[in-house]
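One-letter residues, chain by chain:
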Amino acid sequence: MARESEYVRRENRKRTLTSWGSALLIYLILISGYWAWEHFVRKDISMSQGPVLIRLGEPEGADVPQPVPPRETPEETPPEPEETQPQTEPEPEIAPVEQPAVEPTLPAEKVTPDTPEPTPSEKPAVKTAPPAPPEPIRGSDKGNNYELNSEGGEIGRSLWVPIAQYMPLPRTIEKIITADGGLESLLNSVQPDAFDLYTAEQNRTLLLKYYDKKAGGVLELSRPVPMMERPDLWAILERAGYDMRSPEYKTTRTLLPVTINFSVIPSGSTVANKLDNLELVRSSGYEDIDEAVLFAFEQSSYYSKTDEPIKGRFTYRFSY
């Protein structure tokens with residue numbers, strides 16, 4: 001039977017309780033606001049009296065007509081005496097000389113410029129500064145740290161799954177991880193989890209499914225561990241006293257930061273995981289580590305706050 005990650009179950013329970021509590025609180029706020037508006041804010045205004053007409057003039061209020069000024073008649077001016085011109089003898093008529101026809105010249109067309117010239121009344125446009133980029137999301141993860149940056153908008157995260165719990169398991173588990181020492185002490189220390197999802201016997205069976213008993217109180221990894229079962233095994237080792245800040249995958253090699261480029265496609269939901277165009281742009285130097293980081297990154301849920309896809313960059317750094 002497939003085993004679910006105890007971390008994912010715990011987070012799902014928390015999210016369910018938080019959602020019910022938030023919905024109940026919103027209903028209480030809406031009901032209280034409507035009651036307060038009905039009793040303290042709402043007022044009925046009556047307009048039964050109608051408009052009031054005020055007359056200016058005599059005390060009784062009668063309108064007094066204004067006198068019309070008489071129209072002025074313009075004075076008549078005497079006509080000027082006509083000048084008598086002396087009669088002259090008519091000049092002999094001269095035959096007109098035909099002139100050559102002249103073609104009319106058309107006025108030159110006015111060429112208008114493509115762009116209108118600015119008038120003095122127009123003010124230059126004020127350039128607005130570009131919006132500041134969103135703040136990156138930073139955090140720590142079992143001794144490591146990460147940073148998430150976005151471009152063109154803000155990226156939200158509705159569920160974060162720790163990446164360290166998907167890292168490769170240690171090849172050997174020595175007796176020093178328990179207080180009393182010895183292999184049997186290690187196996188006896190595998191207690192039920194915090195939510196009582198698995199018993200101590202079930203955890204012990206899972207541990208011995210991938211580890212063999214060796215001489216000297218040592219457990220040795222006998223087969224590859226699938227990604228989905230790694231969180232349960234890491235939880236067992238952590239409760240048994242394993243140092244999660246100095247695991248074998250870090251102490252036996254030097255790891256470079258892992259960088260992933262991705263896009264978040266809007267989905268209309270704050271819990272949907274809509275990752276696209278995942279690209280490993282910087283490797284840790286080891287294929288199994290890169291594979292674990294990519295797989296764990298996809299287990300978290302992200303969303304965008306705009307209607308357009310948003311590009312993001314995720315960097316996971318190993319601390320020593």
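Thresholds applied
- Residues numbered from 1 in each chain as written.
- Predicted model: local features only at pLDDT ≥ 70, side-chain atom pairs only at ≥ 80, totals over all residues.
- Heavy atoms only, no water.
- Buried < 20%, exposed > 50% of the residue type's maximum accessible area, 1.4 Å probe, protein only.
- Helix = DSSP H or I, 4+ residues; strand = E, 2+ residues; numbered from the N terminus.
- Pairing = 2+ DSSP bridges.
- Arc of directions from axis to C-beta.
- Patch = residues over 30% accessible without salt bridge, like charges linked within 9 Å, V, L, I, M, F, W, Y side chains within 5 Å.
- Areas by Shrake-Rupley, 256 points an atom, 1.4 Å probe, with all protein chains shown as cover.
- Salt bridge = Lys/Arg side-chain N within 4 Å of Asp/Glu carboxyl O.
- Core = buried A, V, L, I, M, F, W, Y, C linked by side-chain atoms within 4.5 Å.
- Contact = heavy atoms within 4.5 Å.
- Lys, Arg positive; Asp, Glu negative; His and termini not counted.

## Here's the deal with the pairing of strand E9 (residues 301–304)
Burial along E9 is two-sided: the residues Ser 301 and Tyr 303 and Tyr 302 and Ser 304 are all buried. In terms of strand pairing, strand E3 (residues 155–159) meets E9 through four bridges, oriented antiparallel. What sits directly across from Gly 156, in E9, is Tyr 303.

## Regarding helix H3 (residues 200–210)
Among the residues making up H3, those that are buried are Ala 200, Asn 203, Arg 204, Leu 206, Leu 207 and Tyr 210. The arc that holds the buried residues of H3, viewed along the axis, is 160°, so those residues lie on one side.

## Concerning the sheet that holds strand E5 (residues 211–214)
Ordered by their spatial adjacency, three strands build an open sheet running E4-E6-E5, and the pairing between neighbours is antiparallel. Two strands in the sheet have a free side with no partner beyond their single neighbour: strand E4 (172–173) and E5. Two elements, E4 and strand E6 (residues 218–221), share two bridges in a ladder whose sense is antiparallel. Paired with Ile 173 across the strands is Leu 219, a residue of E6.

## Some points on a nonpolar patch on the surface
On the surface, Ile 26, Tyr 27 and Leu 30 cluster together to form a nonpolar patch covering roughly 360 Å² of accessible area. Position of Tyr 27 among the secondary structure elements: in helix H1 (residues 6–41).

## Examining the pairing of strand E7 (residues 258–264)
Within E7, six of the seven residues are buried, which leaves the element mostly enclosed by the surrounding structure. Note that E7 and strand E10 (residues 310–317) share seven bridges and pair antiparallel. Looking across to E10, one finds that Ser 263 is bridged to Lys 311. Here five bridges tie E7 to strand E8 (residues 275–282), and the two strands are oriented antiparallel to one another. Across the sheet, Val 264 pairs through a bridge with Leu 275, a residue of E8.

## Digging into the nonpolar core
Within the largest apolar cluster, 41 residues are counted, with the highest numbers of intra-cluster contacts made by Ile 163, Met 167, Tyr 249, Val 293, Phe 314, Tyr 316 and Phe 318. Residue contributions to this core peak at five residues, all from helix H6 (residues 287–299). Apart from the residues lying within four places of it in its own chain, the contact partners of Val 293 are Ile 163, Met 167, Val 258, Ile 260 and Tyr 316.

## A closer look at the side chain of Arg 230
If you trace the backbone, Arg 230 turns up in helix H4 (residues 230–239). For the buried Arg 230, no salt bridge is present, and the opposite-charge side chain at shortest range is Glu 291, 6.1 Å distant.

Take it as geometry only, folks, not as evidence of what the structure does.
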